[in-house]
Amino acid sequence: MLAIPPYGEVLRLSPLRDEGRLRIHMPFHNDVTGRPGYLHGGAIAGLLEFTAFATLVEAIGEDGIEMKPVTITVDYMRGGLHVDTYAEAHIERLGRRIANVTVNAWQKEPETPIASARINFLLSRPERS
Amino acid sequence: MKSPTSAEADALTRGDFDIERFVGLAGNFGHGKAVGYRYRDHGDNWVELELPSRPELVGVPEQNILASGAIFSLVDMCGGASVFQTMGLFEPIVTIDLRLDYLRPALLGDSVFARCECYKMTSRVAFVRGTAFLDEERQLANVTGTYMRRP
């Protein structure tokens, strides 16, 4: 079961499944609003980042591996409206030390993303004994 | 304190330009209020904000690490504020892209500061660079972003 951290609770994130793929849902609520009529870019970034992190946790599936975001680049493509938002991540490469992840957020349909991010994670695996 | 309504927020953007007042309002409304940033300081083309530490901002509970998403949120606001400050007026802007390089994590109990400057302004695009830090010696993240004017 995926644990939602406190900041994820602020955004009210919850996991969904679409044909086995992990999808994260962020409902529309006051704590994610920005300028009048739109979502806040920071809330969208929080959704993207958690989705990437959670997808990576599932893919690695081992305890004791730390995942630290090293770089994140967010492209904002459309204004986020006052409706629910969804995100899915795709792991481009999972290496021993670095994982490269892309993640999209959308509202109406996945083909029209409101934002996209590329996040590179540093993986710290436990020392082999 | 009562949260401002959309109409009040809208009215502010038509009033006299005051970046401290604007940040105060944005920090008491919607996501800004949920994250809880505050105005610190500004210059001709830069703005500094503070994000006081709160348990709600934790992203990795096992190590009490603050969510990088919360820092991203602070920096997005700070970068946008530096664009308003440089323009000297409130006209609509949107973030085109924003990149953070995370140099070290912030822990629960740390107050996080962000300072962003708008180093180049064209008629359509504002270019921003900045930093998130704990103090002068401990930088958390390096920031690069672009914002579009009158989207």
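In this text, all values refer to a predicted model and were calculated from it rather than measured experimentally.

Novice: Would you explain the UniProt feature "domain: Thioesterase" (unreviewed entry) in chain B in this entry?
Specialist: Here, the residues flagged by UniProt with the feature "domain: Thioesterase" (unreviewed entry) are residues 66–140 of chain B. With 27% helix and 43% strand, residues 66–140 of chain B has its two end C-alpha atoms placed 11 Å apart.

Novice: Looking at this structure, how should I read the side chain of Asp76 of chain B?
Specialist: Within the secondary structure, Asp76 of chain B sits in helix α4 (residues 68–87). With no salt bridge to any partner, buried Asp76 of chain B finds its closest opposite charge in Arg35 of chain A, at an N-O distance of 9.1 Å. Sequence-distant contacts of Asp76 of chain B, defined by excluding residues within four places in its chain, comprise His40, Gly41, Gly42 and Tyr76 of chain A together with Thr95, Leu98 and Tyr147 of chain B.

Novice: Looking at this structure, how should I read the interface of chain A and chain B?
Specialist: Where interface size is quoted, it is often the accessible area lost as the parts come together. Counting from both sides, the interface comprises 28 residues of chain A and, opposite them, 33 residues of chain B. In total, chain A and chain B occlude about 2,300 Å² of area from one another, counting both sides; carbon and sulfur atoms represent 59% of this. Contact with chain B buries area across many residues of chain A, yet Tyr7, His40 and Tyr76 of chain A alone supply 24% of it, more than any other trio. Our count for the contact surface shared by chain A and chain B stands at 0 salt bridges. Applying the counting rule to chain A against chain B returns 14 residue pairs in polar contact (both at pLDDT 80 or more). Residue contributions to the side of chain A that touches chain B peak at 9 residues, all from strand β3 (residues 66–76) of chain A. For the side of chain A that touches chain B, the class distribution of residues is 14 nonpolar, 9 polar and 5 charged. Looking at chain direction, β3 of chain A and strand β5 (residues 93–102) of chain B are connected through 5 bridges and run antiparallel. For Thr71 of chain A, the partnering residue across the bridge sits in β5 of chain B and is Asp101 of chain B.

Novice: Would you explain the pattern of salt bridges in this entry?
Specialist: Between side chains of opposite charge, a pair can form when the charged atoms approach closely. Residues and elements named next belong to chain B. Under the defined criterion, the tally for this structure stands at 14 salt bridges over all chains. Among the salt bridges present, the one from Arg40 reaches Glu48, with a minimum N-O distance of 3.5 Å. The partner of Arg138 in a salt bridge is Asp135, and the shortest N-O contact between them spans 2.7 Å. You can call Arg138 partly exposed: its relative accessible area is 34%. Through salt bridges with shared partners, a single network forms among Arg38, Arg40, Glu48, Glu50 and Arg115.

Novice: It is not clear to me how unusual backbone geometry should be interpreted in this structure. Could you clarify?
Specialist: Phi is mostly negative for residues that are not glycine, and the peptide bonds are mostly trans. The residue Arg12 of chain A is not glycine, and still its phi comes out positive at about 60°. Along the chain, Arg12 of chain A falls in the loop between α1 (6–11) and β1 (14–18). At Asn64 of chain B, a residue that is not glycine, the phi angle is positive and equals roughly 55°. Turning to its location among the elements, Asn64 of chain B is positioned in the loop between β3 (58–60) and β4 (65–66). Look at Asn64 of chain B and you get partly exposed, because its relative accessible area is 37%.

Novice: So what exactly am I meant to see when it comes to α4 of chain B here?
Specialist: Residues that lie three or four places apart on an α-helix share one face, since the helix turns once every 3.6 residues. With 20 residues, α4 of chain B extends 29 Å from end C-alpha to end C-alpha; this agrees with the ideal 28 Å at 1.5 Å per step. Once α4 of chain B finishes, Gly88 of chain B follows within two positions and takes phi at roughly 75°, a positive value.

Novice: Sorry, what's going on with the environment of Glu109 of chain A here?
Specialist: Residue and element names in this part refer to chain A. Within the secondary structure, Glu109 is located in the loop between β5 (98–106) and β6 (113–124). Judged by its relative accessible area of 36%, Glu109 falls in the partly exposed class. Considering only alpha carbons, one finds Glu109 and Thr85, 24 residues apart in sequence, at a separation of 9.7 Å.

Novice: It is not clear to me how the packing of helix α2 (residues 41–60) of chain A against α4 of chain B should be interpreted in this structure. Could you clarify?
Specialist: Each pair of packed helices can be summarised by the angle the axes make with each other and by the distance between the axes. Look at α2 of chain A against α4 of chain B: their axes get within 8 Å of each other, and the N-to-C directions meet at 155°. Judged by the angle between their axes, α2 of chain A and α4 of chain B are roughly antiparallel. Of the two possible hands of crossing, α2 of chain A and α4 of chain B adopt the one that is right-handed. Between α2 of chain A and α4 of chain B, the residues in contact are Gly41, Gly42, Ala45, Gly46 and Glu49 of chain A and Ser68, Gly69, Phe72, Ser73 and Asp76 of chain B, respectively. Classifying every residue of the contact of α2 of chain A with α4 of chain B by side-chain character gives 2 nonpolar, 6 polar and 2 charged.

Novice: Can you walk me through the sheet that holds β5 of chain A in this structure?
Specialist: The strands making up a sheet are joined through hydrogen bonds of the backbone, oriented either antiparallel or parallel. In spatial order, the strands read β1(A)-β2(A)-β4(A)-β5(A)-β6(A)-β3(A)-β5(B)-β8(B)-β7(B)-β6(B)-β2(B)-β1(B); together these 12 strands make up an open sheet with antiparallel pairing. The two strands at the open ends of the sheet, each matched to only one other strand, are β1 of chain A together with β1 (38–42) of chain B. Neighbour to neighbour, the strand axes of the sheet diverge by 25° on average, direction disregarded. With 9 bridges connecting them, strand β7 (residues 125–133) of chain B and strand β8 (residues 139–149) of chain B associate as antiparallel partners. Across the sheet, residue Val125 of chain B finds its bridge partner in β8 of chain B, namely Met148 of chain B. Running over the sheet, helix α2 (residues 19–26) of chain B touches β1 and β2 (46–51) of chain B and is turned about 160° from β1 of chain B.

Quick notes on the rules
Residues numbered from 1 in each chain as written. Chains lettered and ligands numbered in written order. Predicted model: local features only at pLDDT ≥ 70, side-chain atom pairs only at ≥ 80, totals over all residues. Heavy atoms only, no water. UniProt positions renumbered as here; feature names shortened; annotations may be inferred. Helix = DSSP H or I, 4+ residues; strand = E, 2+ residues; numbered from the N terminus. Buried < 20%, exposed > 50% of the residue type's maximum accessible area, 1.4 Å probe, protein only. Lys, Arg positive; Asp, Glu negative; His and termini not counted. Salt bridge = Lys/Arg side-chain N within 4 Å of Asp/Glu carboxyl O. Contact = heavy atoms within 4.5 Å. Buried area = accessible area lost by both parts, 1.4 Å probe. Polar contact = N/O pair within 3.5 Å; in protein donor to acceptor, adjacent residues only side chain to side chain. Nonpolar A, V, L, I, M, F, W, Y, C, P; charged D, E, K, R; others polar. Pairing = 2+ DSSP bridges. Expected span 1.5 Å × (residues − 1). Axes fitted to C-alpha atoms, helices over the stretch in contact; angles between N-to-C directions. Parallel < 35°, antiparallel > 145°, perpendicular 65-115°, else oblique. Left-handed = near helix turned anticlockwise from the far one by under 90°.

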